[in-house]
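What the coordinates show
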Amino acid sequence: MLKNKVVLLTGGSRGIGAAIAREMAAQGARIAFTYLSSEEKAKALENELKTYGQPVKAYRSDASSFEQAENLVKEVLNDFDRIDVLINNAGITRDNLMLRMSEEQWDEVIRINLKSVFNLTKHCLRPMLKNRGGSIINISSVVGMFGNAGQANYAASKAGIIGFTKSIAKEVGSRNIRCNAIAPGFIETEMTDELDEKTKEAYFANIPLKRFGTAKEVAELCTFLASDKSTYITGQTISICGGLNV
Ligand code: NAP
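This text gives an overview of the structure that appears in the document. Since the structure is predicted, the reported quantities are computational estimates derived from the model, not experimental observations. (Residues numbered from 1 in each chain as written. Predicted model: local features only at pLDDT ≥ 70, side-chain atom pairs only at ≥ 80, totals over all residues. Heavy atoms only, no water.)

**Some thoughts on the overall build of the chain**
When helices and strands are counted, the chain shows nine helices and seven strands. Here the C-alpha radius of gyration of the chain, 17 Å, is about what a compact globule of 246 residues would show, namely 18 Å. Expressed along its principal axes, the backbone C-alpha trace of the chain runs to roughly 50 × 35 × 35 Å. Carbon and sulfur atoms form 50% of the exposed surface of the chain, whose accessible area is close to 12,300 Å². In the chain, 31 side chains carry a positive charge and 28 a negative one; their mean positions are 7 Å apart. (Helix = DSSP H or I, 4+ residues; strand = E, 2+ residues; numbered from the N terminus. Rg over C-alpha atoms; globule rule 2.2 N^0.38 Å. Areas by Shrake-Rupley, 256 points an atom, 1.4 Å probe, with all protein chains shown as cover. Lys, Arg positive; Asp, Glu negative; His and termini not counted. Charge placed at Lys NZ, Arg CZ, Asp CG, Glu CD.)

Below, the structure is given as structure tokens:
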């Protein structure tokens, strides 16, 4: 589905990002992915993905830094010649009730989850305009649509991504550049692995499909939006949440 497409993915070293990198490499993409602190995991993934026979490279780059994003895009263009797909996946949580939330917790989440999307999109647009096409995929969350107690910072960052996505779709649609958001619900990660069965059952009660999603399922949706199978889809936020939002 992605034969020879060059994908730039932020936060590829773990979790959903690593699943996206694996799925896209299996679909024939050339993968440039970033990490911040998980160097060993990033290098191991880089080696694993090379077995698919396409170029792969891991870059240490802080997505929340405008300057590092600019340098990263230059390096990727130097190494891969073009960027067809940008996936803004890097994200963090710093949960706290509003009364206890520090300015630092607010700023950190907005910088890493939202400003990073501006940073990477800003620097990838020019090469995409030159290529006369591209697909930008931003990883939001169902929490950005519904809010969540204790996550005002995270919800605001993820809601911001949705507005950003719609605006970029309008700005560059005429240039054949698409921009969509994905809103995952509960996805199995290291974090959900730690929940006991009783707590999981309580969550499942509100999910029509009665289970958490897998990172691979998110990666498959991402692959569809990156591919030429979705050429008339832009400006959308697609939920992948087992029906949590119905
Ligand atoms: P995760 O396992 O914690 O992985 C986060 C990834 O982001 C890591 O690769 C991390 O790299 C990278 N990262 C963090 N800060 C970064 C920065 N400043 N610059 C570059 N990379 C950075 O998270 P996840 O659960 O896979 O989540 C991935 C995305 O999906 C996030 O945007 C998250 O908000 C969203 N999401 C997740 C769920 C869920 O249930 N898991 C649900 C809805 C939405 P290092 O390890 O190298 O630092």
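Still more to cover.
**Observations regarding the packing of aromatic side chains**
Per the counting criterion, the structure on display carries five aromatic pairs. Consider the rings of Phe186 and Tyr203, whose centres lie 4.6 Å apart with planes at 45°: the pair is tilted. Of this pair, Phe186 sits in the loop between β6 (177-184) and α7 (190-193) while Tyr203 sits in helix α8 (residues 197-204); the two residues are 17 residues apart in sequence, bridging distant segments of the chain. For Tyr203, a relative accessible area of 32% gives the class partly exposed. The interplanar angle of 55° and the centroid separation of 6.2 Å between the aromatic rings of Tyr203 and Phe212 together place this pair among those described as tilted. (Phe/Tyr/Trp six-rings, centres within 6.5 Å; stacked < 30°, edge-to-face > 60°. Buried < 20%, exposed > 50% of the residue type's maximum accessible area, 1.4 Å probe, protein only.)

**Here's the deal with the layout of surface pockets**
Its volume calculated, the second largest pocket comes out at about 260 Å³. Taken together, 13 residues form the lining of the second largest pocket, with Thr121, Lys122, His123, Leu125 and Arg126 sitting closest to its centre. When residues of the lining of the second largest pocket are traced back to their parent elements, those giving at least two are α3 (66-80), α4 (103-131) and α6 (152-172). Here the lining of the second largest pocket is composed, by residue class, of seven nonpolar, two polar and four charged. (1 Å grid on protein atoms, 1.4 Å probe; cavity = no way out; pocket = protein on both sides within 12 Å on 5 of 7 lines; lining within 4 Å. Points joined across faces, edges and corners; volume = space filled by probe spheres on them. Nonpolar A, V, L, I, M, F, W, Y, C, P; charged D, E, K, R; others polar.)

**Quick word on the packing of α3 against α4**
Between α3 and α4, the least distance of the axes is 9 Å, while the angle of their chain directions is 35°. Crossing geometry of α3 relative to α4 is assigned as right-handed. Judged by residue contacts, Phe66, Ala69, Glu70, Leu72, Val73 and Leu77 of α3 engage Lys115, Phe118, Asn119, Leu120, Lys122, His123, Cys124 and Pro127 from α4. Here the contact of α3 with α4 is composed, by residue class, of nine nonpolar, two polar and three charged. (Axes fitted to C-alpha atoms, helices over the stretch in contact; angles between N-to-C directions. Left-handed = near helix turned anticlockwise from the far one by under 90°. Contact = heavy atoms within 4.5 Å.)

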